[in-house]
Amino acid sequence: MNTPGTRAPGAPDATGTAASRARGGRVADPGDRHRDLSDDEVRSLRARVRDVMPGVLEDLCDLVRIPGVSASSSDRHHLAAGAERVADLFRGAGLPDVRIVSEDGAPAVIARRPARNGAPTVLLYAHHDVQPTGDPALWTSPPFEPQERNGRLYGRGTADDKAGIALHLACLRALTGPTALTGPTAQTEQTEQTEQTVRNGRNGSPDPADLGVTVFVEGEEEVGSPSFPTILQRHHDLLACDVIVVADSVNPRVGVPGLTTSLRGVVTGTIEVRTLEHAVHSGFFGGPVLDALTAAVRLLSTLWDETGAPAVPGLTAGPTAGPTAGPTAGPTAGSTAAQTAAPEPTDGSTAMTEDKLRQDAGILPGVELTGTGSLESRLWTGPALTIIGIDVPSADQASNTLLPEVRVTFSLRVAPGQDPDEGFRAVRDHLLAAAPWGAQIDVRSVESGSGWEGDVSSPVYETVHRTFRQAWDTEPVRLGVGGSIPFIPQFQRAFPEAVVVVTGVEDPDTRAHGIDESLHLGDFERACLAQTLFLAALSPAAPSPDAVPGRP
């Protein structure tokens, strides 16, 4: 039995476009139907975005006040409250089909409006869960009490990624009217306004009410999206689309938009080193008896060469990378937040500089950079291996004993084109072969996700580039990102002909995942305008009221 408002699997939607893609059929690239917006249309949409911004920022602050941390130790009720609030917001933005779904994980929101008159369907992605705050005492202002200071909005989730939710909300409000109402009554009023837009049309202008829109707001991205594959499988037709916009990445610097065209893959794993059945006195047995911590230190030191680059056979690197601009530029290679984008150079170019990288990362004086080659290649296309945790007694609690066992957690970033499982096997085989003095070694993969390389040959990228340039008044930069968004390859496999566009609102000063996370409000408004222009450009032109069917 079909749930009301849900198509049976395989049933066509209003246009058949997104559904055809879902079934693997080939339809025209939505970028083939893009439309150049006139100067008057750009000015009009710029004004409408400016009009909706106060309400959007107020809603963003309300979202930030919900402490929806998705870590397992956190209160899950906050995630439910966040999903309910997100659902209300998109009902108020005029999307008639809004539902909260939970497939044995945190609740996600799917809100949609079917396409009409041959228009494509665009899926807008964001997530409402956030990272833990760390010690709240280290924050300048309380992490869940948003505060504006010097043109930036501070608070956990202001950028990663509740700003992505607010960005999608601003676009829908700007395209269907300046109202910012929420709730069931507002849903009816907003839907009536949208219907009126369809009836009126605008002579030769894009009609955004025809554009199919699906908003997917996930609730567990910060813990690896464990239920995402099940959501994608069980709600495949609801999520079918022609273009996927992921608003969860970074810009190279304030005032310059970035279009992420590649991401590294990721593997998280554990290493257990054992040498004794139990702890023993370091004075009685120290010397000939090997302790696990000494063995682990010796073992881990084999993972890097003298420059600090990974020294594991089988880890590959992509081609030399650098930021590129222009609609004909090919893809560069390159987590969402906490990713590294091109820092701001002193000469105003987009090339990365060591001084700015050191400043953005907070590298202490005298500490050298590791590896060789360009900074972009080391950050975007090369492998990176980091020890992120180790189970040993703290220095204050240490006793004079030889430790029998040590457990280590590592994070491996692999080049965009390398299989993460292949990367894990390379690390595992290296460690087993390098076991010092017969220590027992066990290496296990905990979590992995594939990298991604975008197909920038699609005409959609030309449309994105043009509309972002119009919104930001500067050329957008195509760049790789060293972090990982593993669900993007899953999206791509589910909808192989959909074009993925990865954008963001963060900048090198955002400090996502860290203390005093913040959002640059000027860049946020520019990002809202850019996406609004992009969606408008994908919308088919409304026919002239005087047009006669069958005549040119």
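All of these numbers come straight from a predicted model, not from anything done at the bench.

(A) Structural view of the overall build of the chain. Looking only at helices and strands, one finds 15 helices and 19 strands in the chain. Residue burial in the chain is summarised as follows: out of 552 residues, 54% are buried. Summed over all atoms, the accessible surface of the chain reaches about 22800 Å², with 50% contributed by carbon and sulfur.

(B) Representation of the packing of helix H4 (residues 162–176) against helix H15 (residues 521–538) in the model. Put simply, H4 and H15 touch, their axes get as near as 9 Å, and they point 50° apart. Viewed along their axes, H4 and H15 adopt a mutual orientation that is oblique. For H4 against H15, the interelement crossing comes out right-handed. Note on element contacts: H15 touches H4 through Phe-524, Ala-527, Cys-528, Gln-531, Thr-532, Leu-535 and Ala-536, opposite Ala-163, Ala-166, Leu-167, His-168, Ala-170, Cys-171, Ala-174 and Leu-175. Of the residues in the contact of H4 with H15, the class split is twelve nonpolar, three polar and no charged.

(C) Spotlight on the sheet that holds strand E5 (residues 152–154). In spatial order, the strands read E4-E5-E19; together these three strands make up an open sheet with antiparallel pairing. Either end of the sheet is taken by a strand with one partner, and the two such strands are strand E4 (147–149) and strand E19 (518–520). Taken over all neighbouring pairs, the strand axes of this sheet differ in orientation by 25° on average, direction set aside. Direction of pairing for E5 relative to E19: antiparallel, over a ladder of three bridges. Residue pairing for E19: Leu-153 is matched across the bridge by Leu-519.

(D) Main features of the nonpolar core. Counting 94 residues, the largest nonpolar core has Phe-90, Phe-216, Phe-491 and Phe-524 as the members making the most contacts within it. At twelve residues, H15 tops the list of elements feeding residues into this core. Ranked by size, the runner-up nonpolar core spans 25 residues in total, among them Val-267, Leu-315, Val-414 and Ala-439.

(E) Broad picture of the confidence of the model for the chain. In the predicted model, the chain carries a mean pLDDT of 84, and 80% of its residues have values of at least 70. Confidence drops under pLDDT 50 across residues 1–16; counting only partners more than four residues distant or on other chains, this segment forms 23 contacts. Here residues 19–28 scores under 50 on pLDDT; set against residues more than four positions off or in separate chains, the count is 29 contacts.

(F) Just the environment of Ile-231, in detail. By secondary structure assignment, the location of Ile-231 is in helix H6 (residues 228–234). Placed 127 residues apart in sequence, Ile-231 and Asp-104 show a C-alpha to C-alpha distance of 9.6 Å.

(G) A look at helix H3 (residues 77–92). The terminal C-alpha atoms of H3, which comprises 16 residues, lie 23 Å apart, in line with the 22 Å expected from a rise of 1.5 Å per residue. Burial in H3 covers these residues: Leu-79, Gly-82, Ala-83, Arg-85, Val-86, Ala-87, Leu-89, Phe-90 and Gly-92. Gly-94 lies just past H3 and shows a positive phi near 100°.

(H) Looking closely at the pairing of strand E6 (residues 212–218). Of all the seven residues making up E6, seven are buried; the element is thus mostly covered by neighbouring parts of the structure. Neither face of E6 is exposed, since Gly-212, Thr-214, Phe-216 and Glu-218 on one face and Val-213, Val-215 and Val-217 on the opposite face are all buried. Examined bridge by bridge, strand E2 (residues 108–113) and E6 share five bridges and lie antiparallel to one another. In the sheet register, Ile-110 faces E6, and the bridge partner there is Phe-216. In the sheet, strand E3 (residues 121–127) pairs with E6 via seven bridges, with the strands oriented parallel.

(I) Quick peek at the state of the cysteines. Applying the stated criterion across every chain, the model contains zero disulfides. Distance from the sulfur of Cys-171, which forms no disulfide, to the nearest cysteine sulfur (Cys-528) is 5.9 Å. Residue Cys-171 is classed as buried on the basis of its relative accessible area of 0%.

(J) Main features of the sheet that holds strand E12 (residues 384–391). Read from one edge to the other, the open sheet built from four strands follows the order E12-E14-E9-E15, with strand pairing classed as antiparallel. The open sheet has two free edges, formed respectively by E12 and strand E15 (440–449), since each of these has just one partner strand. Pairs of neighbouring strands in the sheet enclose a mean axial angle of 20°, with direction left out of account. Alignment of strand E9 (residues 265–274) against E15, held across nine bridges, turns out to be antiparallel. Residue Thr-268 lies in a different strand from E15, and its bridge partner there is Glu-447. Helix-sheet contacts for helix H9 (residues 292–300) involve E9, E12, strand E14 (405–414) and E15, and the interaxial angle to E9 is about 145°. Sitting on the sheet, helix H12 (residues 420–433) touches E9, E14 and E15, and the angle it makes with E15 is about 165°.

The rules behind the values
In this numbering scheme, every chain counts its residues from 1 along its sequence in written order. Restriction of local features to residues with pLDDT of at least 70 applies here, the model being predicted, together with a cutoff of 80 or more for giving and counting side-chain atom pairs; totals for whole chains, interfaces and linings are based on all residues. The basis for every side-chain value is the complete set of non-hydrogen atoms in the structure, without hydrogens or water. Put simply, DSSP H or I for four residues or longer makes a helix, DSSP E for two residues or longer makes a strand, and each gets a number counted from the N terminus. Relative accessibility under 20% of the residue-type maximum defines a buried residue, over 50% an exposed one, and the middle range a partly exposed one, all with a 1.4 Å probe and only protein chains included. For the area figures, the Shrake-Rupley method with a 1.4 Å probe applies, and any residue is considered shielded solely by the protein chains shown. Note on definitions: angles span 0 to 180 degrees between N-to-C directions of axes, and those axes are lines fitted to C-alpha atoms, for helices only across the stretch in contact. For classification purposes, an angle smaller than 35 degrees is called roughly parallel, one larger than 145 roughly antiparallel, one from 65 to 115 roughly perpendicular, and anything else oblique. Two helices that cross are described as forming a left-handed crossing if the nearer one is turned anticlockwise from the farther one by less than a right angle, and a right-handed crossing if clockwise. Any two residues having at least one pair of non-hydrogen atoms within 4.5 Å are treated as being in contact. In the scheme used here, Gly and all other residues not listed as nonpolar or charged are polar, with Ala, Val, Leu, Ile, Met, Phe, Trp, Tyr, Cys and Pro taken as nonpolar and Asp, Glu, Lys and Arg as charged. Pairing between two strands is assigned when DSSP locates at least 2 bridges connecting them. Among the buried residues, those of types Ala, Val, Leu, Ile, Met, Phe, Trp, Tyr and Cys that are joined through side-chain atoms within 4.5 Å form a nonpolar core. Scored between 0 and 100, pLDDT is the confidence that the predictor attaches to each residue. Helices are assigned an expected span. That span is 1.5 Å times one less than the residue count. Cysteine sulfur atoms that come within 2.5 Å of each other are treated as a disulfide pair.

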